[in-house]
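A closer look at the structure
Single-letter residue listing:
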Amino acid sequence: MMRFAPLTLTFLLLIAGPTWAQAPDSEPALPEITPREIEIRGEYRVVFPSLERPTLQELQPRTRVQALPLDDLPSASPLNFRVDALPPLDLSAPPADRGGSLPVPALLDGMNGFLEGSGGRFTERRVATELQFPVSTNTSLRLHGDYEGMRGDTPFAESDARTAYDSADGGIDLSYRGASWSLTSTVDGAYDEYDLYALQAAASNATESPARRAYALGTEHTLRIHQGLPLAWTVGYRVHDVETDPLPALTQPPATEATTHRFASALDITFPLAVFDFMLEGETEFVGHDGNGAFSGDSRQGTLYGIARLVDRPGLTVEAGAALMSFVTSQQGPGFDGPTTSTYGAPYGFVEWMPAADWRFYAEQRPTLTLHTPIDLLHTNPYLSTEADLGGTVHTLNTTAGTSWSPGPLRVDLYGGVRYSPVRQFFEFGIANATGLYATLYRESTAWEVGLDATLQALSPWFGTVAFTYTEGSLADADGLPFVPRASAEATVGYQFADRRARVQVHLRGQGPRDLDREGMQSAPGFVGVGLSGDVQVTPNIEFTGYVQDIGSNNMTEWPGYPRPVARVGGGVRILW
């Protein structure tokens, strides 16, 4: 800095020199700045805006178009939606002001629900009802029930066997929501009875179809804490009973009955740490077979996830962790070829990126374990053998990645995934050829799939959903995936009119060819079912409904040997309050 000091001093002296040279009494000489000529160039015009009277329509405030949330639309990908992170909600019903104009008794004030009844071809009938009302400011009660049945069709020309069934279910839900916690308790039951009509058609000496009856009764309670240490804890106990009439002479087993007791519990806890949130998710299940109690030790399973939420900011979520899964089962026949005791460990990961409000990219690897029971298998395949083997299904590699695009009322999901299963449950067709019932099969397998889901909300007269999935895979020791369709699709397109008091919908459901055995040497043909339904609101509380289902389908045979009725026609009435 010393080298710049002489230069700085010289510059200051040059500036101050003229000031010191003037005499003390003399006035400073200023330059002449008075203009001698003024020249105006251009032209300036003053223009006032014209005044016009607005129309009455222009005086109305502009209608705000509210964008509906898209979070509740169907999606084939995990949404990473955590209920325990939500604040408590007040779902108490607002005071009703009916003014005596609705055709319902005054007793129903403050309640809402519906009652629906319908009937159709093949003596098809259905009755459904639901009733919700507040018990107190923070407590609500829900009652619901549903019954449907059919005398059925006679699908076989050489037999009078019918596709008859009756099904009913109902329950009571009690919910309490406090400032920092909520509790939901449920008691429900179900009854199903249907004919195994393929057995009557296959046996020449059979005069009627053996029936199968399934009963279920259970209770479940869920506690959620929203503040402090967020957690969700669910416990439940259920009893299932399955009875099958004596089978025709084609088979040997007599009448059978299988009673299952099941206890299940799940606990999710979030620990907010300084650097990240750590989550523990655990599930356990105890099952007793042949009338034994749930804790008899016949079958049991447990799954534990340890997950660290490493990044949690708007638009980006990153989670990593691991899962430990184990199961024990002892309900197998002499030909069972799956594991009876197994323990597996696998990584967990989840990434979600939302670069814009209408774009979402995600990837997830989540291992899963399922312990099979008779009632669960019958919900998938009602024509299961009375001596089905019970095991577990484990997916150690269960990876899905995709993207969602939501421009306005339209949402489009594209996804793909791969799944490796050291043990997976399938249904076998070979036993069906001998007895008319299906057996279970447990094998190591690998499968991959791609899919498309699209949903158009009913903001305009048009609405609908489309879902398509394509799957390929094989067993470790064979080439087929028994009864897993390569292609499956569902679609619904609807149109609303008459100020949205009426609507019509077209439904489409189909499956491609499916392998009937583990080698993939035999296959069942695909099927397509088309339906049409509609409803019209004649009063604020009364609607009329109608439907025509499975038009033009090739007998809708989802399970070979058991074709379903086609061209079902019916209608009914729905009362709302």
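Some thoughts on the pairing of strand β16 (residues 397-405)
Of the pairings in the sheet, the one linking strand β13 (residues 359-365) to β16 comprises seven bridges and is antiparallel in character. For Tyr-362, the partnering residue across the bridge sits in β16 and is Gly-402. As paired strands, β16 and strand β17 (residues 410-428) are joined by nine bridges and run antiparallel to one another. Following the sheet pairing, Gly-402 is matched in β17 by Tyr-415. The hairpin turn running from β16 into β17, its antiparallel successor, is four residues long, and Gly-408 in that turn takes a positive phi close to 70 degrees.

Section: the environment of Pro-230
With respect to the element layout, Pro-230 can be found in the loop between β6 (211-225) and β7 (231-244). Look at Pro-230 and you get buried, because its relative accessible area is 15%. Residues Pro-230 and Met-279, spaced 49 residues apart in sequence, show a C-alpha to C-alpha distance of 9.8 Å.

Digging into the environment of Gly-416
Structurally, Gly-416 can be placed in strand β17. Sequence spacing of Gly-416 and Thr-471 is 55 residues, and the spatial spacing of their C-alpha atoms is 9.8 Å. Ignoring sequence-local partners within four residues, the contact set of Gly-416 consists of Thr-399, Thr-400, Ala-401, Glu-449 and Val-450.

A closer look at the packing of aromatic side chains
For the coordinates displayed, the defined rule picks out 20 aromatic pairs. Every member of this aromatic cluster is reached through a ring pair, and the members are Phe-156, Tyr-194, Tyr-197, Tyr-383 and Tyr-562. The ring of Tyr-305 is capped by Arg-366, whose NZ or CZ atom sits 4.3 Å from the centre of that ring.

Thoughts on unusual backbone geometry
For Ala-498, which is not glycine, the phi dihedral falls at a positive 55 degrees. As for its placement among the helices and strands, Ala-498 is situated in the loop between β20 (487-497) and β21 (502-511). Judged by its relative accessible area of 38%, Ala-498 is partly exposed. Of note, the phi angle at Ala-567 is positive, near 50 degrees, even though the residue is not glycine.

Describing the nonpolar core
Formed by 29 residues in total, the largest nonpolar core has its most connected members in Leu-196, Tyr-383, Tyr-438, Phe-483 and Tyr-562. Breaking this core down by element, the ones donating at least two residues are α3 (197-202) and α4 (374-380). Sequence-distant contacts of Leu-196, that is, excluding residues within four places in its chain, are made with Ser-209, Pro-210, Arg-212, Thr-244, Leu-247, Pro-382, Tyr-383, Leu-437 and Tyr-562. One finds Met-325, Phe-327, Tyr-344 and Leu-371 within the second-largest nonpolar core, a separate group that totals nine residues.

Calculation rules
- Residues numbered from 1 in each chain as written.
- Predicted model: local features only at pLDDT ≥ 70, side-chain atom pairs only at ≥ 80, totals over all residues.
- Heavy atoms only, no water.
- Pairing = 2+ DSSP bridges.
- Helix = DSSP H or I, 4+ residues; strand = E, 2+ residues; numbered from the N terminus.
- Buried < 20%, exposed > 50% of the residue type's maximum accessible area, 1.4 Å probe, protein only.
- Contact = heavy atoms within 4.5 Å.
- Phe/Tyr/Trp six-rings, centres within 6.5 Å; stacked < 30°, edge-to-face > 60°.
- Lys NZ or Arg CZ within 6 Å of the ring centre and 35° of its normal.
- Core = buried A, V, L, I, M, F, W, Y, C linked by side-chain atoms within 4.5 Å.

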